[in-house]
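Architecture at a glance
Residue strings, one per chain:
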Amino acid sequence: MKRILLLLSLGLCLFTINAQEENDALAKKILTELSEETKTYKSMIIDFNLTIKSKEINESQAGRAQTKGNQFQYTTADREVFCNGETVWSYTKEDNECYIDDVADIADFNPFEILTIWDENFNHQYVKEVTVGSNIHEIKLFPAHPEDSKYHTIVLTADRNKKQIKKAIIKTKEGLTLVFSITKFITNTDISDAVFKWQKAKHPGVTEEDNR
C-alpha cells in the first residue's frame, strides 16, 4: 500500500511539474506575441487609469500617454512629462515647476515601459486565464536579478486576441503599488516630434530646475 501511495505521489508531482512547465511556456509565447506586436507600432496613444498605493498614499488619477520611437509624453491631473529620447521634462502643475533630467537618470513611472518590460531581466510565471474562453490571461513577472531591480513583482493582464496589455499591477521594493489600467489604445497615428518637447512659453511664470 505504501508503495502504491508513493507511486501515486510521484505521479502527481510529475503531472504538476509538467503542467506548470506547459503553462510557463504559454506565458512566454503570449509575452513574445505582445512584444512583436508592440514593436510594429510606429506610434501609440493610451488613455489610462493609475492608482498609487503605499502606507502614506492612496490616490487615483486618469491620464493620456503618447509615444513614438524612444520618445514619450504623458499627462495626468497634476503633472505633465515630456521626453524626446534624451531629455525628460517633468512639470508639476500645482507648483508650476519643471524639473529637467537626462533620461538615464530618471526612475519615474513611464507608462510605456510596462508594454515590453519583460523583454529583459525578468522571469515569468503563468497564473491563469481570467475567464475560461476569454483568451485574457494573467502572467506574473519577477526580476531576474532582484538586487539590481526597483521592482518586486508585476502582474500583467493580457488580451491575447488583441495582443495588448489591459492591466498591470506593479509592486516595488519600497512598498509602492501601482495599478495601471488601459482604457483606450490607439496605434499608428501621426504625432509631431514637438509633442515630446517641453514648451516653456506655454507655462507662464514656470520655474525650471535643470539637474543635468
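Conventions used here
- Residues numbered from 1 in each chain as written.
- Predicted model: local features only at pLDDT ≥ 70, side-chain atom pairs only at ≥ 80, totals over all residues.
- Heavy atoms only, no water.
- Helix = DSSP H or I, 4+ residues; strand = E, 2+ residues; numbered from the N terminus.
- Buried < 20%, exposed > 50% of the residue type's maximum accessible area, 1.4 Å probe, protein only.
- Areas by Shrake-Rupley, 256 points an atom, 1.4 Å probe, with all protein chains shown as cover.
- Pairing = 2+ DSSP bridges.
- Axes fitted to C-alpha atoms, helices over the stretch in contact; angles between N-to-C directions.
- Core = buried A, V, L, I, M, F, W, Y, C linked by side-chain atoms within 4.5 Å.
- Contact = heavy atoms within 4.5 Å.
- Polar contact = N/O pair within 3.5 Å; in protein donor to acceptor, adjacent residues only side chain to side chain.
- Phe/Tyr/Trp six-rings, centres within 6.5 Å; stacked < 30°, edge-to-face > 60°.
- pLDDT = per-residue confidence, 0-100.
- Patch = residues over 30% accessible without salt bridge, like charges linked within 9 Å, V, L, I, M, F, W, Y side chains within 5 Å.
- Salt bridge = Lys/Arg side-chain N within 4 Å of Asp/Glu carboxyl O.
- Lys, Arg positive; Asp, Glu negative; His and termini not counted.
- Charge placed at Lys NZ, Arg CZ, Asp CG, Glu CD.

Moving on to the overall build of the chain. Along the backbone of the chain there are one helix and 12 strands. When the helices and strands of the chain are placed in sequence order, the string is α-β-β-β-β-β-β-β-β-β-β-β-β. Across the 212 residues in the chain, those meeting the buried criterion constitute 39%. Per element, the accessible surface of the chain, about 12700 Å² overall, is 51% carbon and sulfur.

Here we take up the sheet that holds strand E10 (residues 164-172). Read across the open sheet, the 12 strands follow the order E7-E8-E9-E10-E11-E1-E2-E3-E4-E5-E6-E12; overall the sheet is mixed. Each having just a single partner strand, strand E7 (122-129) and strand E12 (207-210) make up the two edges of the open sheet. The mean angle between the axes of side-by-side strands here comes to 20 degrees, regardless of whether they run parallel or antiparallel. Examined bridge by bridge, strand E4 (residues 79-83) and strand E5 (residues 87-92) share five bridges and lie antiparallel to one another. Bridge assignment links valine 81 to a residue of E5, and that residue is serine 90.

Time to look at the nonpolar core. With 36 residues, the main nonpolar core has Ile114, Leu115, Leu141, Ile154 and Leu156 as its most contacted residues. Counting residues per element, this core draws most heavily on strand E1 (residues 44-53), at five residues. Ignoring any residue separated from it by four or fewer positions in sequence, one finds isoleucine 154 in contact with Ile114, Ile117, Phe122, Ile139, Lys140, Leu141, Ile169 and Ile170. With seven residues, the next largest nonpolar core counts Trp89, Tyr91, Ile100 and Trp198 among its residues.

Considering the arrangement of structural elements, one finds aspartate 47 in strand E1. When its relative accessible area of 18% is taken as the criterion, aspartate 47 is described as buried. One polar contact links aspartate 47 to arginine 64, side chain to side chain, over a distance of 2.6 Å. Sequence-distant contacts of aspartate 47, that is, excluding residues within four places in its chain, are made with Gly63, Arg64, Ser181, Ile182, Thr183 and Lys184.

Quick look at the environment of aspartate 119 now. Secondary-structure assignment places aspartate 119 in the loop between strand E6 (97-102) and E7. Expressed as a C-alpha distance, the spacing of aspartate 119 and leucine 31, which sit 88 residues apart in the sequence, is 8.3 Å. In terms of polar contacts, aspartate 119 uses its side chain to reach the side chain of serine 35, at 2.7 Å.

Time to look at the packing of aromatic side chains. Counting across every chain of the model gives five aromatic pairs. Relative to tyrosine 151, the ring of phenylalanine 122 has its centre 6.0 Å away and its plane inclined at 50 degrees; by these criteria the two rings are tilted. Linking phenylalanine 122 in strand E7 with tyrosine 151 in strand E9 (residues 151-159), this pair joins segments that are 29 residues apart in sequence. Assessed through its relative accessible area of 13%, phenylalanine 122 is described here as buried. Following the ring pairs from residue to residue traces out a cluster consisting of Phe82, Tyr91 and Trp198.

This next bit is on unusual backbone geometry. Notably, lysine 163 is not glycine yet its phi reads approximately 55 degrees, a positive angle. Its place among the elements puts lysine 163 in the loop between E9 and E10. A residue is classified by how much of its surface remains accessible, and lysine 163, at 32% relative accessible area, is partly exposed. Even without being glycine, asparagine 188 reaches a positive phi, approximately 60 degrees. With respect to the secondary-structure elements, asparagine 188 resides in the loop between strand E11 (177-187) and E12.

Attention now goes to the confidence of the model for the chain. In the predicted model, the chain carries a mean pLDDT of 85, and 87% of its residues have values of at least 70. Residue range residues 5-19 is modelled with pLDDT below 50. Its contacts to residues more than four positions away, or to other chains, number zero contacts.

Negative charge collects at one region of the surface, where Glu59, Asp78, Glu94 and Asp95 lie side by side. Mapped onto the fold, aspartate 95 is located in the loop between E5 and E6. In this structure aspartate 95 comes out as partly exposed when scored by relative accessible area, which is 48%.

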